[in-house]
Structure formats: C-alpha cells, structure tokens
Amino acid sequence: MARQMRVAWMYHDIMDLYGDTGNMMVLRKRCEDRGIEFVLDTIGIGQEADLSAYSLIFLGGGADKEQMSIIPDLLSRKENIRQAMASGTFVLLICGGYQLFGRYYEAADHSKIPGLGFYDYHTDTGREGARCIGNVVIEANLDGLETKIVGFENHGGQTVNVDEPLGKVIKGCGNSFDAGYEGFYDGRILGTYLHGPLLPKNPEVADFVIARSLQKDDPDFKYTDLKKLDDVWENKAREAILSKLEK
C-alpha cells in the first residue's frame, strides 16, 4: 500500500522563529527513507486551503508582532481546523502555535490576544519581563511510547490551566515557572515550547508524528509499523545531550 503524508505548514513565512524548517526537513527525510510520499504545502495569510485534506497541520512560533499579524486569518479558519481535527488530521504546534490553540495569550504590553479557544489553557505574560530560557528535558508517554524529549525553551508566556500535559519536566521550566510539566497532548494535537528545532533532536517524536499523521488515511496504522531507520548518530547526539543536562 503506497502511503502519503500531506502537511500543511501554516504561516511558514511569519511563524518560523525557531528553526521550524528543520522540523520539516526531518519529517521529509524520514518519510522518504521509508518510501512514504511526503507532500508539503505552505499556507500563508489569505491563501485558500481545505485543511481537512491534510494528514498534519503544523504551526510554529513567532514574536508578539508576528503572532498578532496572523490572528484575523487564523480565526477565520477556526471551523475548518475543527473539521480537520475531527476528521483525523494531526496537529503539531511549537511555542506560539501552541499558545494560539488556547483561549488567549497575553502579549508583553499586557494586551490579551484571542486564540482559537479549542482548549481551556491560556497564556499570561511573565512576571516583570522574566522568561523561561534554557535546555529542557521531559519524560513523556506518547500513546504508550515512553521517551525522554530534549529541547530548548525561550518564552515569556506562562501557559496555565493545562489539564493534559505532554510530559513531566526533569530539567528546565516547562509550561510556566515551576510548572513541573511541559506542553500539551490529547491525542489530536501535540503542543510544546521545545524547539531548537524539536524533531532533529528527538527521532522518536518525529516518528510518532509521522505515525499519527498516517492514521488519517489508515486508522489501524501503528508507530511500530514504521520501518526502523539507522539512527545511530542521532541517538549518540541525543544521549550526549541527556548526559550533560541530567548531571
């Protein structure tokens, strides 16, 4: 059975503050190494697209000015995004993208910017301009796949009222100062503050995103159905990062 992963990269020209091109490169390479056709469409402001036609919706991060610029267009797509998730489209969100699926985020000037409101979490600004900055390690369980995820965080926003976090923080801040947990995962979306970018450092997470995306067309497809790749160098690099951070 020929498989295809169709990705809608939202606002690629605006919300690309944290090396998100690297995430797309990893997904493409890991699909192509398995004979999975990888189709990447970039969706900009005002560009017509039926998001329910895609296997994966991806939205990265940006500064306040950039995030504010996409709000009208993003909100206009709310029902289409809801339809896409209901039809099995998976969603990967990094930093600002993660914030925008909640009720609102508070900008540095304390103005409240409306989000899509799909979830009850919201994001307040850091106290006195303080930011969560540094390397992060979390322990996560992705539908039975237990893994440690490494990354880098740099956010002033403090995301609270998260009832389904992605993982437990071993090193770093997470969703907010002293939160103890990082990100959000409910089976439909995976949102996180971890970037740097995320997927080159975490091949298991990249494969999890691929597997969940392929379930759009084949609900019975499992993570373990993916052909194993030679990740010896990726794993050595990841182990070195973990060893350094967990000291």
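One can find the structure itself at the top, above this paragraph.
Figured I'd write up the structure that's included with this text. Chains are numbered independently. Their residues run from 1 in the order of the written sequence. Local features are withheld for residues below a pLDDT of 70 in this predicted model, meaning they are given only at 70 or higher, and side-chain atom pairs are given and counted only at 80 or more; totals for whole chains, interfaces and linings count all residues. Hydrogens and water are ignored here; the side-chain numbers use all heavy atoms of the structure.

### Details of the packing of aromatic side chains
Here is step 1: Two rings belonging to Phe, Tyr or Trp (six-membered ring only in the last case) form a pair when the distance between their centres is within 6.5 Å. Interplanar angles under 30 degrees mark stacking, angles over 60 mark edge-to-face geometry, and anything in between is tilted. Enumeration according to the criterion identifies 10 aromatic pairs in this entry.
Here is step 2: For the pair Y98 and Y121, a centre-to-centre distance of 5.1 Å together with 55° between the ring planes defines the contact as tilted. You can see Y98 sitting in helix 4 (residues 96–100) and its partner Y121 sitting in the loop between strand 6 (112–114) and strand 7 (122–124), a full 23 residues away along the chain.
Here is step 3: Geometrically, the ring pair formed by Y119 and Y121 is stacked, given 6.1 Å between the ring centres and 5° between the ring planes. Residue Y119 shares its accessibility class with Y121, and that shared class is buried.
Here is step 4: Every member of this aromatic cluster is reached through a ring pair, and the members are Y98, Y119, Y121, F184 and Y193. Numbering of helices and strands starts at the N terminus; helices are DSSP runs of H or I of at least 4 residues and strands are runs of E of at least 2. To sort residues, take the accessible area from a 1.4 Å probe on protein chains only and compare it with the maximum for the residue type: under 20% means buried, over 50% means exposed, and anything in between is partly exposed.

### So, the pattern of salt bridges
Here is step 1: Throughout this description, the term salt bridge denotes a Lys or Arg side-chain nitrogen within 4 Å of a carboxyl oxygen of Asp or Glu. Using the criterion set out here, one finds 11 salt bridges in the structure.
Here is step 2: Between R6 and D217 there is a salt bridge whose closest N-O contact spans 3.0 Å. Residue R6 is found in strand 1 (residues 4–10), and its partner D217 is found in the loop between helix 5 (203–214) and helix 6 (232–245); the two are separated by 211 residues along the sequence.
Here is step 3: Residue R6 is classed as buried on the basis of its relative accessible area, which comes to 16%.
Here is step 4: Overall, D217 belongs to the partly exposed group, its relative accessible area being 43%.

### Regarding the nonpolar core
Here is step 1: In plain words, nonpolar cores are sets of buried Ala, Val, Leu, Ile, Met, Phe, Trp, Tyr and Cys residues tied together by side-chain atoms within 4.5 Å. If you look at the biggest cluster of nonpolar residues, it comprises 69 residues, and the most contacted ones within it are M5, L27, F101 and I189.
Here is step 2: Setting aside anything within four residues of it in sequence, one finds F101 in contact with L59, I81, M85, V91, L93, L116, G117, F118, Y119, Y121 and I189. Pairs of residues are marked as contacts when any of their non-hydrogen atoms sit within 4.5 Å.

### Digging into the layout of surface pockets
The probe, sized like a water molecule, is rolled over the atoms to show the empty space still left.
Here is step 1: For each structure, a 1 Å grid was placed over the protein atoms alone; sets of points admitting a 1.4 Å probe that cannot get out are labelled cavities, open sets with protein on both sides within 12 Å along at least five of seven lines are labelled pockets, and lining residues have an atom within 4 Å of a point. Grid points are joined across faces, edges and corners, and a volume is the space filled by probe spheres set on the points. In this structure, the largest pocket occupies an estimated 360 Å³ of space.
Here is step 2: Considering the residues around the largest pocket, the lining is formed by 25 residues, among which D64, R131, H155, G156 and G157 are closest to the centre.
Here is step 3: Amino acids outside the nonpolar list (Ala, Val, Leu, Ile, Met, Phe, Trp, Tyr, Cys, Pro) and the charged list (Asp, Glu, Lys, Arg) are all regarded as polar, and Gly is one of them. Along the lines of polarity and charge, the residues of the lining of the largest pocket split into 8 nonpolar, 12 polar and 5 charged.
Here is step 4: Quantified by volume, the second largest pocket comes out at close to 250 Å³.
Here is step 5: Lining the second largest pocket are 13 residues, and of these R34, D207, Y223, K228 and D231 sit closest to its centre.
Here is step 6: For the lining of the second largest pocket, the leading source of residues is helix 5, giving 3 residues.

### Side note on the environment of C95
Here is step 1: Take C95: it is sitting in the loop between strand 4 (90–94) and helix 4.
Here is step 2: Expressed as a C-alpha distance, the spacing of C95 and Y223, which sit 128 residues apart in the sequence, is 25 Å.
Here is step 3: In contact with C95, other than residues within four places in its own chain, are Y18, G61, H155, T192 and Y193.

### Let's talk about the sheet that holds strand 8 (residues 132–142)
Here is step 1: As summarised here, the arrangement of the 4 strands in space is 9-8-11-12, forming an open sheet in which the pairing is antiparallel. In this open sheet, the two edge strands, each paired with only one partner strand, are strand 9 (145–155) and strand 12 (181–182).
Here is step 2: The axes are straight lines fitted to the C-alpha atoms, using for helices just the contacting stretch, and the angles between their N-to-C directions are given from 0 to 180°. Packing of helix 5 onto the sheet brings it into contact with strand 8 and strand 9, and relative to strand 9 it is tilted by some 105°. If DSSP finds at least two bridges between two strands, the strands pair.

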